[in-house]
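Breakdown of the fold
Residues per chain are reported as follows:
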Amino acid sequence: MNKSVFITGATSGFGRAAARRFAEAGFSLVLTGRRRERLEALKSELSGKVAVHVIELDVRDEAAVKRAANELPDEFASVHVLLNNAGLALAPEPAQDVALEDWHTMIDTNVKGLVNVTHALLPTLIKLGAGTSIVNIGSTAGKWPYKGSHVYGATKAFVEQFSYNLRCDLQGTGVRVTDIAPGMAETEFTLVRTKGDQAASDQLYGNTTPMSAEDIAEQMFYVATLPAHLNINFLEIQPVRQVWAGMAVDRD
Ligand code: NDP
Ligand code: 8X3
């Protein structure tokens, strides 16, 4: 049976680039996300190369996630790689100015959504055993604090610790777990974070050299296709031109 990769958030950015990268290597694709028309467009693009199954899926919907995992057609049931990529940041303003709803959306998507999908696919990964991988997309924001990161960074810190803890429990099963923590990469991420401010997005990524979605897809592919006895626990990656912010001082 062909190996498949189950990708959350395949409609844009890292997830879409990953679909293309894994297709190049002959993986069958399970592409999920909320925007059906984008899933269909990607299916049309890639189904000449590999088998593609699309599922319109909101990772926050626990029942729908379970159904998606349990009702995979035979051709796609051999999920060797789970790419837990769906996620978002909202509300770049200071914590004290943020709507509680935006915090909830980030927690529901980046934390609860990620555990929903992981829980639903764990039995399949464990059954297939050695060489299978869970690749979780964390962020530099999970490790390094900065203004306006509040709940977003905290959700990505969860992703890091959850990845390590999963590793512990999965010891002996052959299933690998990696947290990839990217820094600044140009995708629709900032457009989503600013609720559609294209100028803010262009400004953030302008006059410098951010990473591309393809850069991250290459890392996802790399960690998931290493020899079966190897596990990269944490992979932090930034553009050369990005470093940490300095300490901020409040002055009179
Ligand atoms: P994009 O906004 O381009 O893509 C985000 C993807 O997540 C979309 O496909 C979107 O699909 C999906 N998504 C969002 N919410 C849900 C949901 N409730 N259910 C299902 N899918 C959802 O951003 P990126 O590609 O940059 O982001 C991918 C991941 O990388 C995120 O987890 C992000 O936090 C992380 N990241 C991004 C960095 C960056 O600088 N770009 C750096 C570090 C980490 P749809 O809307 O169709 O549902
Ligand atoms: C996104 C990284 O630095 O844009 O996860 O917050 S950053």
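The following refers to the structure shown. All values derive from a computational prediction rather than experimental measurement.

Thresholds, definitions, all that
- Residues numbered from 1 in each chain as written.
- Chains lettered and ligands numbered in written order.
- Predicted model: local features only at pLDDT ≥ 70, side-chain atom pairs only at ≥ 80, totals over all residues.
- Heavy atoms only, no water.
- Near = heavy atom within 4 Å.
- Polar contact = N/O pair within 3.5 Å; in protein donor to acceptor, adjacent residues only side chain to side chain.
- Areas by Shrake-Rupley, 256 points an atom, 1.4 Å probe, with all protein chains shown as cover.
- Helix = DSSP H or I, 4+ residues; strand = E, 2+ residues; numbered from the N terminus.
- Nonpolar A, V, L, I, M, F, W, Y, C, P; charged D, E, K, R; others polar.
- Axes fitted to C-alpha atoms, helices over the stretch in contact; angles between N-to-C directions.
- Parallel < 35°, antiparallel > 145°, perpendicular 65-115°, else oblique.
- Left-handed = near helix turned anticlockwise from the far one by under 90°.
- Contact = heavy atoms within 4.5 Å.

Moving on to the site of ligand 1. Looking at ligand 1, there are 30 residues lining it, with Thr11, Ser12, Arg34, Tyr152 and Thr187 nearest. Between ligand 1 and threonine 11, the relevant distance is 2.7 Å, taken from an oxygen atom to a side-chain nitrogen or oxygen of the residue. Within the backbone of alanine 185, a nitrogen or oxygen atom sits 3.0 Å from an oxygen atom of ligand 1. Across the complex, the protein chains shield 96% of the 880 Å² of accessible surface that ligand 1 would expose by itself. Elements that contribute at least two residues to the shell around ligand 1 include exactly helix H1 (13-24), helix H5 (150-170) and helix H6 (189-193). Residues that form the shell around ligand 1 fall into these classes: 12 nonpolar, 12 polar and 6 charged.

Close contact between helix H4 (residues 100-128) and H5 brings their axes to 9 Å; oriented N to C, the two are set at 15 degrees. Judged on the interaxial angle alone, H5 and H4 are roughly parallel. Where H4 crosses over H5, the handedness of that crossing is right-handed. Counting all contacts with H4, which are made through Trp103, Met106, Ile107, Asn110, Val111, Leu114, Val115, Thr118, Leu122 and Ile126, the residues of H5 involved are His150, Val151, Tyr152, Thr155, Lys156, Phe158, Val159, Phe162, Leu166 and Leu170.

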